[in-house]
Structure formats: C-alpha cells, structure tokens
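Here is how the chains run, residue by residue.
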Amino acid sequence: MNRFNDLTDFSTDEIGSLLKLANRLERNPEPRALEGKVLSLLFLSPSLRTLASFQAGMSRLGGGSFVISPEMSIHGLETRPGIVMDGTAAEHVREAVPVIASYGDALGIRAFAERRSLEDDLTDREFESLASLVNVPLINMESAIQHPCQSLADWKTLNDLEIPAQGGRFVLSWAYHPRALPLAVPAATVQMAAQRGMDVVVLRPPGFELPEPIMEKARQIANETGGKVTETADRKEAMEDAHVIYAKSWSSTSHYGNRPGDQALREELVDWCIDEPWFDKARADCRFMHCLPVRRGVVVADRILDGPRSVVLQEAHNRMKVQMAVLHQMLKN
Ligand code: CP
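We now turn to the structure provided with this report. Note that the coordinates shown come from a computational prediction; the quantities given were computed from them, not determined experimentally.

## Some points on the pattern of salt bridges
Link 1 in the chain: Within the structure shown, the criterion is met by 22 salt bridges.
Link 2 in the chain: Between Glu114 and Arg125 there is a salt bridge, and its shortest N-O distance comes to 3.3 Å. Of this pair, Glu114 sits in the loop between strand E6 (106-110) and helix H4 (118-122) while Arg125 sits in helix H5 (residues 125-131), placing them 11 residues apart in sequence.
Link 3 in the chain: Of the charged contacts, one joins Asp271 and Arg235 as a salt bridge, the two residues approaching to 3.6 Å between their closest N and O atoms. Linking Asp271 in the loop between helix H10 (259-266) and strand E12 (287-289) with Arg235 in helix H9 (residues 235-239), this pair joins segments that are 36 residues apart in sequence.
Link 4 in the chain: Salt bridges linked by common partners bring Glu114, Arg116, Asp120 and Arg125 together as one network.

## Notes on the nonpolar core
Link 1 in the chain: Ranked by size, the top nonpolar core spans 93 residues in total, and within it Phe4, Ile139 and Phe170 carry the most contacts.
Link 2 in the chain: At 10 residues, the largest contribution of residues to this core is made by helix H12 (residues 312-331).
Link 3 in the chain: Those residues in contact with Phe4 that sit more than four places away from it in its chain are Phe10, Leu18, Leu138, Ile139, Asn140, Pro148, Cys149, Leu152, Val326 and Met330.
Link 4 in the chain: With 18 residues, the next largest nonpolar core counts Ile100, Ala101, Phe127 and Val134 among its residues.

## Here's the deal with the pairing of strand E8 (residues 169-174)
Link 1 in the chain: Counting buried positions over the six residues of E8 gives six, a clear majority of the element.
Link 2 in the chain: Pairing of E8 with strand E9 (residues 199-203), which is carried by five bridges, proceeds in the parallel orientation. In the strand pairing of E9, Val171 is matched with Val201.
Link 3 in the chain: Summarising the sheet, E8 and strand E11 (residues 244-248) pair through five bridges and their orientation is parallel. Each bridged residue has a counterpart across the sheet, and for Ser173 the counterpart in E11 is Ala247.

## Some words on the packing of helix H6 (residues 148-160) against helix H7 (residues 184-195)
Link 1 in the chain: Two elements in contact, H6 and H7, have axes whose closest approach is 10 Å; the angle formed by their N-to-C orientations is 45 degrees. It follows from the interaxial angle that H6 and H7 lie oblique. Crossing handedness for the pair H6 and H7: right-handed. Contacts from Ser151, Asp154, Trp155 and Leu158 of H6 reach H7 at Ala188, Thr189, Met192 and Gln195.
Link 2 in the chain: Of the residues belonging to the contact of H6 with H7, the class tally is four nonpolar, three polar and one charged.

## Some thoughts on the sheet that holds E12
Link 1 in the chain: Here we have five strands laid out as an open sheet, ordered E10-E9-E8-E11-E12, and parallel in their pairing. Looking at which strands have only one partner, the edges of the open sheet turn out to be strand E10 (228-232) and E12. When strand polarity is set aside, the average angle formed by the axes of neighbouring strands in this sheet is 20 degrees.
Link 2 in the chain: Contacts from H7 reach E8, E9, E10 and E11, with the element oriented near 170 degrees to E8.

## Focus on the site of the ligand
Link 1 in the chain: The local shell around the ligand consists of Ser47, Leu48, Arg49, Thr50, Arg110, His147, Gln150, Cys291, Leu292 and Arg319.
Link 2 in the chain: Between an oxygen atom of the ligand and a side-chain N or O atom of Thr50, the distance comes to 2.6 Å.
Link 3 in the chain: Contacts to the ligand include Cys291, whose backbone N or O atom sits 2.9 Å from a nitrogen atom.
Link 4 in the chain: Burial of the ligand by the surrounding chains reaches 94%, relative to a free accessible area of 250 Å².
Link 5 in the chain: For the shell around the ligand, the class distribution of residues is three nonpolar, four polar and three charged.

## A few points about helix H8 (residues 212-225)
Link 1 in the chain: Taking 1.5 Å of rise per residue, 14 residues should cover 20 Å, and H8 covers 20 Å from first to last C-alpha, within 8% of that figure.
Link 2 in the chain: By the burial criterion, the buried members of H8 are Ile214, Met215, Ala218, Ile221, Ala222 and Thr225. Taken down its axis, H8 places every buried residue within 125 degrees of arc, on the same side. Those residues of H8 that are exposed and aimed more than 90 degrees away from the buried face are Pro213, Asn223 and Glu224.
Link 3 in the chain: Backbone geometry just downstream of H8 places Gly226 in the positive-phi region, at approximately 85 degrees.

## Comments concerning unusual backbone geometry
Link 1 in the chain: Across the junction of Leu292 and Pro293, the peptide omega takes the value 0 degrees, indicating a cis bond.
Link 2 in the chain: When you line up the elements, Pro293 lands in the loop between E12 and helix H11 (302-305).
Link 3 in the chain: The phi angle at Asp124 is positive, at roughly 55 degrees, despite the residue not being glycine.
Link 4 in the chain: Note that Asp124 resides in the loop between H4 and H5.
Link 5 in the chain: The buried category is assigned to Asp124, whose relative accessible area is 4%.
Link 6 in the chain: Residue Asp241 is not a glycine yet carries a positive backbone phi of 60 degrees.
Link 7 in the chain: In this fold, Asp241 is placed in the loop between H9 and E11.

Scoring rules and cut-offs
Sequence positions are assigned chain by chain, starting from 1 and proceeding in written order. Local features in this predicted model are restricted to residues of pLDDT 70 or higher, and side-chain atom pairs are both shown and tallied only at a pLDDT of 80 or more, whereas totals for entire chains, interfaces and linings draw on every residue. Computation of side-chain values covers all heavy atoms of the structure but excludes hydrogens and water. Salt bridge, as used here, is a side-chain nitrogen of Lys or Arg placed within 4 Å of a carboxyl oxygen of Asp or Glu. Elements are defined by DSSP. Helices are runs of H or I of four residues or more, strands are runs of E of two residues or more, and each kind is numbered from the N terminus. For our purposes a nonpolar core is just a set of buried Ala, Val, Leu, Ile, Met, Phe, Trp, Tyr and Cys residues, chained together by side-chain atoms within 4.5 Å. Each residue is placed in one exposure class: buried if its accessible area under a 1.4 Å probe, protein chains only, is under 20% of its type's maximum, exposed if it is over 50%, and partly exposed if it falls in between. Contacts are assigned to residue pairs that have any heavy atoms within 4.5 Å of one another. Here the rule is simple: two strands pair whenever DSSP picks up at least two bridges between them. Helix axes are fitted to C-alpha atoms over the stretch in contact, other axes to C-alpha atoms as well, and angles between N-to-C directions run from 0 to 180 degrees. Any angle that is under 35 degrees is reported as roughly parallel, and any over 145 degrees as roughly antiparallel; angles of 65 to 115 degrees are reported as roughly perpendicular and all others as oblique. Less than a right angle of anticlockwise turn of the near helix away from the far helix marks a crossing as left-handed, whereas a clockwise turn marks it as right-handed. Any residue that is not Ala, Val, Leu, Ile, Met, Phe, Trp, Tyr, Cys, Pro, Asp, Glu, Lys or Arg is counted as polar, Gly included; the first ten are nonpolar and the last four charged. Here a residue is near a molecule or strand as soon as one of its heavy atoms is found within 4 Å of it. For this analysis, a polar contact is any N or O atom pair within 3.5 Å, provided that within protein one partner can donate a hydrogen and the other can accept it, and provided that sequence-adjacent residues contribute only side-chain to side-chain pairs. In these tables, accessible area is a Shrake-Rupley quantity obtained with a 1.4 Å probe, and a residue counts as shielded only by the protein chains included in the view. Multiplying 1.5 Å by the helix residue count minus one yields the expected span of that helix. This arc is built from the directions going out from the helix axis to the C-beta atoms.

Coordinates in, geometry out; function isn't part of it.
As structure tokens, then:
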C-alpha cells in the first residue's frame, strides 16, 4: 500500500483483509514487525486521538515516530502558495514537507479544510498539493474531505458490535455546534456506511444538506454494495428502526465560507442535541456513535454519552488498532 487516503480506493475485500489484520495483531502482537522503521507525522491542525494513536500504534509494532506541528516549529510554517514571506513564518511547506518526509519511511499529514471555497475543499486542493511534494507512502490523517482512519475504525466498531451490514440502518445526523465545522467526517462516514452495504439516512435541517458530489458518490457506492442512501429533515422518519445514530456537526453548504450566514442559520437549531427522545422509534439497542471530540450538552446529552448506547470510546480505541493494520501493510517488508 502506497497511499491511504480514501476508503473507497479499496474494495470491500481489501477492507475486510485490513480489519482481519487488525484483529490478528490484537490476538497475536508483533512487537518487532516494524523495527527500524520511522513514521513522520505532520499536524497542520489540532488532534488528540490521531496524534496519540499513530504514535502508540507505531511503538507497539516496534517502530518509531516523530511529530511536527506549526506550534512547535521554531521557524513557523507558511502554507499559502505564491506568498511573499515577509511575515512571521520563515519556512514554507514546499521545503518543509519533503524534508520531513525524507526522515521517515512513511508520512501522515493532517490539514483541515480552509472552508473558503466549497469547490476547492471538495477537490481536497490543499491536501493534494501537500501530497504532491511527498515521495514516500502517505497517510491522510484528515483533510478537507477525507478521514479514512476514522472511517476504518468506525467500520471495525460496527463489525465488533455485530451491526448488520446489509439491512442495518445507519443514521448520519447533523447536530448543533456553535461553530461551522469541516465536511471531512460526514463525507467519509456516509461513504463508509454505503460501502458497508447499509441503509444510510442523512438527517439534517434545511441549509445543511451535504454537497451533491458527496451524496452522489455515496449513492453510486450503495448501488454497487446493495446499500441505500437517502436524506431527510424528519427525525422520526430517519430514526425508525435505526441500528445506529452517528452524530456530527458540519458547515452549512448553502452558506459555505460565509460565517455570518452560517451562524444565523445554526442559531435556530440548538435543539439538534441528541437525547433519549430521539430514540423513540429506533431499535431498543440503537447505538450512538461520534468521532470525538464532542461537546457535552451541545451535540449530545450527558445521559446518552454516559449510557449504554454510546460506543464513542470503542471507536476511539479502534483508531489505534486499524491504523496498526494500515502501517503493517504499508511498511512491513
Ligand atoms: N476523531 C479524531 O480524528 O480525533 P482527533 O481530532 O482528536 O485526532
């Protein structure tokens, strides 16, 4: 494997093999598998889980890792193309990225969406421009429109919970958040659930429809896997017989890059906080998923997060397990 960027680059069988490898490494640890190998990690955006799970996973396989982020760089990193660097940043990513990549055997990059232009973000312009500077195996640790590590961990979590692939009802729900957030997790999640063959419902208020290219790709995937992808603003309709609700906030696509417009729209939607009444029509054992970090009492009520429906900690733990499988497949001779 030379690039782990988009789960839909892999067939269902290939994903199955990665998940089997993750389970095998858990049963039979290989603490010397990646001895002498180094993973370089470039974080241009903040993280807790991704940063810690990649470092821990690499150590468990016998390899090493190092982290670079703009806050820790003594020079300060400039990311804008074609800029005259007469400000505080003294180093450009065009030099920094190939240098960082050259110290390791693989590179992980995290670069969140700029959220200025929907068109640029849908083509993952910034991540692809950084990727073009790299000639070692590359892992997308979350970009404008992708979060394959999260999606693979979520797929494993669904398998671990024995939630049916064919016929399992998966609700991806928008949730309130005081700020406009990127599209990476909802885009990757709707496609992951469709790829798993599930009956996927995107539940969102008007103005927060996912962009058509994301929905169209998910529908095409579902056609191939026997799944289904629909969308609605009706909570009861969406939640009927649901096996899972996966909550996430995202930017308004009708006011993308327009902060006051987005803010005015979301201010009216504080009741989009997942709580027990949402589950009235769902299956009794309907689970709650979220990629974390999550704002308690804003996105979801404490009693859901602290109760038996929540599997958010399993999802986070599975990040390390599936990333170990990716690293093993990418770097083991
Ligand atoms: N879910 C996730 O990617 O978490 P971090 O942003 O903390 O890495």
